[in-house]
Amino acid sequence: METVITSYLDKKFDELQKKDNDNKFAALRAKEFGRFQKAGIPGYKNEEWKYTFINNLFKKEYKLDTIDADRAALQKELTAMKLPGSENANELVFVDGHYAPELSSLLLDNGQLNISSLSAAANNEYKTLVEENLNQSSKYITDGLLALNSSFIEEGIFILVKKNQVIDKPIYIYHLNNAVENNLLAQPRSLIIVEESAKVQIVEHYHTIGQMDSLANEVMEIVVKENAIVEYYKIQQDSPNASQVGTTHIRQVGKSFVHTVTISLNGGIIRNNINIIMEEAGNEAHMYGLYLIKENTHVDNHTLVDNTKPNCFSNEFYKGIIDGHATGVFSGKIYVRPDAQKTNAYQSNKNILLSDTATVNTKPQLEIYADDVKCSHGCTVGQLDPEALFYLRTRGIGLQDAQAMLLQAFSSDILEQIKIEPLRKYVDTIVTGRLLPQEPAMAL
Amino acid sequence: MLKIKDIHASIDGKEILKGLNLDIQPGEVHAIMGPNGGGKSTLASVLAGRENYEVTAGTIDFDGKDMLDLSPEERAREGLFLAFQYPVEIPGVSTTNFIKTAVNEKRKHLGQPPLDAVAFLKTMKEKTALVEIDKSLLSRSLNEGFSGGEKKRNEIFQMAMLEPKLAILDETDSGLDIDALRIVANGVNQLRNEHNSIIVITHYQRLLDYLQPDFVHVLVEGKIVKSGTKELALELEEKGYDFIKESLNATAAV
């Protein structure tokens, strides 16, 4: 059996460290690369990776550097991947995991929003902010993949949403990955600070060009301060050769409101870590997800809510429609620390399997160390309700249309949670198109 | 319109209908009564095409077509309608969209173009008045959170929209208060004409007081054991089913 190949990364790492000796991130990278070498790629014996076997992705070498691609060609691909509403959005672009400011465009001025490369922020007036907040996620995720991302921090994105600023133009982050000639390992990194009473909407979207394999190993850290509101959307509809491990680590350091929606429609192996750390009393977070998958796509939604202070509320609602040989995983961990009295934490995961070869693994984990809390979790795995199907058919609606109608209804309460109207319509159209009967037989 | 000949049907290997015959002409209203477990709801299910019922013998001719060859949706498009005893709640499916889809599926089958938005709304308005259904219900998810009476009214509203040749009302009167019963019955009466037929499955006389059926049949142990006019229903109401069972036993003893 082939083994995991990571030794070429040593050389890549040395090259990066030599490139710029007094780089602000050199020490962090060195520490994290040590962690990576020690921890390695998580195998199935790692409890956190039990249902997602990532090793196969590391049995080949990847290119890490961005290629000096034809700018016009890149621009063309970027235009093709743009989401509706982009004309009214601040657009940030990663190419092969590296921030590409020349392709990005901002609609807002510095008074509201400061957006720069992570390395620039590490050297200017935001230096302390970066130092204090970068890589806090490593306290929670100790596997080699997060460490691998941190080992190669170079040109990430830094976003500061300033106090009292309500940003009505969402921030769209496009990940454009080039796997035309080589297997690509893209490692985007971003740090977002949302100051007191500010509001921002963030959208991430992924597109891989070419038929070679790509792996996006992404880390985004978001710090949410008192009275701030953050909406976070992730739209995944990449090609089957594009895999992804993404960590979105959200710290609610002041009493604040967070709303996330993860929509997974296509791709290779997809792992979405969403961590919500309730660091102050009275925090509220809502996490939604829909995975509508087929063929061999594997989607693992791995959530963590850590209640460290009293009176926090969290609600998780994930739904899956799984066809073909696809696999859905939902793993939701909730910690309620001894101080976190009056925690309300809810979790629900519902799945519909459309084929005999579709798989779902769902695993709630509640660790409660306080006595006055309300926590619940529930999961269902099943087929469409035969009685509902029959009812629709007795009204003249054909079997396939009736199935599509019920599946659309099933997904609608997640899609409703996308609060950016053009984006919601866009996803809705894709989902509807996928569910509608296609000749000769229903295919997703 | 409908000719049921010697139908035998079973569920999970248990025979429920044991040689049932029924002949219905256009414009007629037939009531089917009988004790629990006699096969009334099974008959409705078999006619509508519910899949877990197995027809082991007999034929059903629906307007010249072999009904047993048709899927539930094909039967509906041919003009069959079943008002459910327990209408299903379907969260996330809007009542209006559902009805629009159903109406247009039927039109497509009949070779008619789909109703445009204006025509559809006009028809909706007429038919909602007919069954006195609150319009706000139609913008909600199908039957979700509807009261028992609202669900039954919604069934008759769908019947009005789909204009079936043959409607089967499966205990539509159960769970209705007096006012709701009157409204539902009035709705049904207004939909009656010389071309369409109705099968009313019920336990009680009160719905029949409004509908005035042409024929009343008593279904016991999978067979129609007695047929008569609407006076038979009155007799049943007065004496219960025992007198029929007794006369059956007497016949068997001879």
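Residues numbered from 1 in each chain as written. Chains lettered and ligands numbered in written order. Predicted model: local features only at pLDDT ≥ 70, side-chain atom pairs only at ≥ 80, totals over all residues. Heavy atoms only, no water.

Peer 1: Which residues make up the packing of aromatic side chains, and what are the values?
Peer 2: Residue and element names in this part refer to chain A. Tallied over the full model, the rule gives 14 aromatic pairs over all chains. Through successive ring pairs, a cluster of aromatic residues spans F13, F33, F36 and F152. Note that R395 overlies the ring of Y391, its terminal NZ or CZ placed 4.7 Å from the centroid. (Phe/Tyr/Trp six-rings, centres within 6.5 Å; stacked < 30°, edge-to-face > 60°. Lys NZ or Arg CZ within 6 Å of the ring centre and 35° of its normal.)

Peer 1: Provide a residue-level description of the side chain of N135(A), including the pertinent values.
Peer 2: Position of N135(A) among the secondary structure elements: in the loop between α5 (127–133) and α6 (144–151). In this structure, N135(A) is in contact with L28(A), E32(A), L146(A), S150(A), R189(A) and E221(A), ignoring residues within four places of it in sequence. (Helix = DSSP H or I, 4+ residues; strand = E, 2+ residues; numbered from the N terminus. Contact = heavy atoms within 4.5 Å.)

Peer 1: If you had to explain the nonpolar core to someone new, which residues and values would you point to?
Peer 2: In this structure, I263(A) and L2(B) are the most contacted members of the largest nonpolar core, which totals 127 residues. For this core, the element with the highest residue contribution is helix α8 (residues 399–415) of chain A, accounting for eight residues. Viewed by domain, this core spans two of them, domain 1 (8–280) and domain 2 (387–444) of chain A, each represented by three or more residues. Not counting residues up to four positions away in its chain, the partners in contact with L2(B) are L22(B), D23(B), I24(B), L47(B), I60(B), D61(B), F62(B), M67(B), L166(B) and I199(B). (Core = buried A, V, L, I, M, F, W, Y, C linked by side-chain atoms within 4.5 Å. Buried < 20%, exposed > 50% of the residue type's maximum accessible area, 1.4 Å probe, protein only. Domains from an automatic or database assignment.)

Peer 1: Outline the sheet that holds strand β10 (residues 197–201) of chain B, listing residues and values.
Peer 2: Strands pair in a sheet through their backbones, by hydrogen bonds, and they do so in one of two ways: parallel or antiparallel. All names here are of chain B. Taken together, the six strands give an open sheet; going across it, the order is β6-β9-β10-β3-β11-β12, and neighbouring strands pair in mixed fashion. Strands with a single pairing partner mark the edges of an open sheet, and in this sheet they are β6 (80–83) and β12 (223–228). Across this sheet, the average inter-strand angle for adjacent strands is 20°, counted without regard to direction. In this sheet, strand β9 (residues 166–170) lies alongside β6 in parallel orientation, the contact comprising four bridges. When the sheet's bridge partners are listed, L80 is paired in β9 with L166. Those strands touched by helix α6 (residues 148–162) are β6, β9 and β10, and its axis lies near 170° from that of β6. (Pairing = 2+ DSSP bridges. Axes fitted to C-alpha atoms, helices over the stretch in contact; angles between N-to-C directions.)

Peer 1: Mind laying out the pattern of salt bridges, listing which residues take part and the relevant values?
Peer 2: Residues and elements named next belong to chain A. Enumeration over the complete set of coordinates arrives at 27 salt bridges over all chains. Salt-bridge contacts for R337 lead to D306; the nearest nitrogen and oxygen are separated by 2.9 Å. Taken as a pair, R337 in the loop between β17 (327–336) and β18 (344–353) and D306 in strand β15 (residues 298–307) lie far apart in primary sequence, 31 residues in all. Judged by relative accessible area, which is 31%, R337 ranks as partly exposed. (Salt bridge = Lys/Arg side-chain N within 4 Å of Asp/Glu carboxyl O.)

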